[in-house]
Amino acid sequence: MMTTSALIEPVSLAGLPLTSQFVMAPMTRAQSPCGQPTERTAAYYRRRAENGVGLIITEGVLIDHPSAGHETDVPRMHEAGWRRVTDEVHAAGGKIAAQLWHLGSQREPVDGVLAWTPSAVPEPGRPATHAMAGRDFPVLLDAYARAARAAVSAGFDAVEIHAAHGYLLDEFLWPFTNRRTDRYGTDRAAFPAEVIRAVRAEIPSSMPLIVRFSQFKERDYAARIAETPDELGEILTSFASAGADVLHASQRRFWEPAFEGSPLNLAGWAKRLTGLPSITVGSVGLTRDFVGSGRMTELIERRRRGEYDLIALGRVLLGNPAWVRLADEGRLAEINDYRKTDEDQYW
């Protein structure tokens, strides 16, 4: 049986030392009353760090602007609350990155504030949105910059910018939602790149800046921001030039090729096109059988070949905080198969 031992070794990510090559992927938990992380939040992240996850990436943390999100239990970047979280993760020997988030069109106008989007494209079953005007861009850039400063003060080791899954920055990258005729439309990566620059300017030069991107959207699994490697390369090169250090390539199944004619997955292409380290993610370990399967072998072998640098675990860590340790020790009977109906009970 193939185990994870080859991946539980110290590694450096853009200069940040990690105890293993496993990452906890960001997953919204909506358990922060009034946007404030609690002691329970800190314990939740610590449990994963003390069981072999080298880098924790927080759930999406909303930037400080009314358009960013509507749920009151989704966290904001409150320095005091997050300092408790970072202290607990560090005490367990882990590292932690704050993921900065703006929902874009997925914001519900429950409080009368419209969602901000690139072009206000009407979508079936969705409320009307506000197409961003020229004066709106510096407002959001300032909000991202302030969130980055707060993340540094709260003791985070890295920052991740959420530019995936059909949220605001990804909506600029996606031709369906970006129909602008100004420079933010002719260069779809322009505004996400400006956000990257704004965040980069507020964090230490030694602090890794991660950018998460995807082809698929939560509301359209077949969506694509790039039809060819060259098109993807233009986007990701823009990210790298703006100051991104690491690319976190989100896809639904890590083993699926990103483009025809090559076995490389999305993280593999990100690394090949930019030379930056990449993180892969996608249906890793969802059942206990995964550990002894050919998929585990493939995951490790592709990492050995240098296709990607780190491996992110998502939903499997909800019911299995100790998945890394249990998988490494072959204790499959103690691993819970992922069940969506159980998500809310796992902390």
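Keep in mind that this is a model prediction, so the values were computed, not measured.

## Description of the overall build of the protein
- Scanning the protein for helices and strands turns up eleven helices and twelve strands.
- Relative to the 2.2 N^0.38 estimate, which gives 20 Å for 347 residues, the radius of gyration of the protein is 19 Å and therefore close to what a compact globule would have.
- Counting over 347 residues, the protein shows a buried share of 58%.
- The long-range share in the protein, meaning contacts at least 24 apart out of those at least 6 apart in sequence, stands at 73%.
- Within the structure as shown, the protein displays about 13,300 Å² of accessible surface, and the carbon and sulfur contribution to it stands at 49%.
- Across the protein, the 39 positively charged side chains and the 44 negatively charged ones have centroids separated by 1 Å.

## Re the sheet that holds strand 9 (residues 209-217)
- Read around the barrel, eight strands follow the order 3-4-5-8-9-10-11-12 and close on themselves; strand pairing throughout is parallel. When the angles between neighbouring strand axes are averaged without regard to direction, this sheet yields 25°.
- Sheet topology note: the strand 10 (residues 246-250)/strand 11 (residues 278-281) ladder contains four bridges and is parallel. Bridge pairing links S250 to V281 in strand 11.
- Each of strand 3 (22-24) and strand 4 (55-62) touches helix 1 (residues 39-49); the most contacted strand, strand 4, lies at about 150° to it.
- Its contacts with the sheet put helix 3 (residues 136-153) on strand 5 (95-101) and strand 8 (158-165), and the angle it makes with strand 5 is roughly 165°.

## Observations regarding the packing of helix 7 (residues 229-242) against helix 8 (residues 266-274)
- Interaxial distance between helix 7 and helix 8 falls to 9 Å at its minimum, and their mutual angle equals 70°. Comparing the axis directions of helix 7 and helix 8 gives the class roughly perpendicular. Every pair of crossing elements has a handedness; the one defined by helix 7 and helix 8 is right-handed. Each of P229, L232, G233, L236 and T237 in helix 7 lies in contact with helix 8, whose residues at this interface are L266, W269, A270, L273 and T274.
- Each residue belonging to the contact of helix 7 with helix 8 can be placed in one class, and the counts come to seven nonpolar, three polar and no charged.

## A look at the environment of V159
- Inspection of the secondary structure assignment puts V159 in strand 8.
- Its relative accessible area of 0% is what places V159 among the buried residues.
- On a C-alpha basis, the gap between V159 and Q99 in space is 6.0 Å, while along the polypeptide they are 60 residues apart.
- Residue contacts for V159: discarding those within four places in its chain leaves A97, A98, L100, A151, V199, I203, M207, P208, L209 and I210.

## Re the pairing of strand 12 (residues 310-313)
- Every second residue of strand 12 is oriented toward a common face, with L310 and A312 on one face and I311 and L313 on the other, all of them buried.
- Inspection of the sheet shows strand 3 paired to strand 12 by three bridges, in the parallel sense. Bridge assignment links F22 to a residue of strand 12, and that residue is I311.
- Two strands pair when backbone bridges link them, and strand 11 and strand 12 are joined in this way by three bridges, in the parallel orientation. Considered in strand 12, the bridge of T280 is made with I311.

How each quantity is defined
- Residues numbered from 1 in each chain as written.
- Predicted model: local features only at pLDDT ≥ 70, side-chain atom pairs only at ≥ 80, totals over all residues.
- Heavy atoms only, no water.
- Helix = DSSP H or I, 4+ residues; strand = E, 2+ residues; numbered from the N terminus.
- Rg over C-alpha atoms; globule rule 2.2 N^0.38 Å.
- Buried < 20%, exposed > 50% of the residue type's maximum accessible area, 1.4 Å probe, protein only.
- Contact = heavy atoms within 4.5 Å.
- Areas by Shrake-Rupley, 256 points an atom, 1.4 Å probe, with all protein chains shown as cover.
- Lys, Arg positive; Asp, Glu negative; His and termini not counted.
- Charge placed at Lys NZ, Arg CZ, Asp CG, Glu CD.
- Pairing = 2+ DSSP bridges.
- Axes fitted to C-alpha atoms, helices over the stretch in contact; angles between N-to-C directions.
- Parallel < 35°, antiparallel > 145°, perpendicular 65-115°, else oblique.
- Left-handed = near helix turned anticlockwise from the far one by under 90°.
- Nonpolar A, V, L, I, M, F, W, Y, C, P; charged D, E, K, R; others polar.

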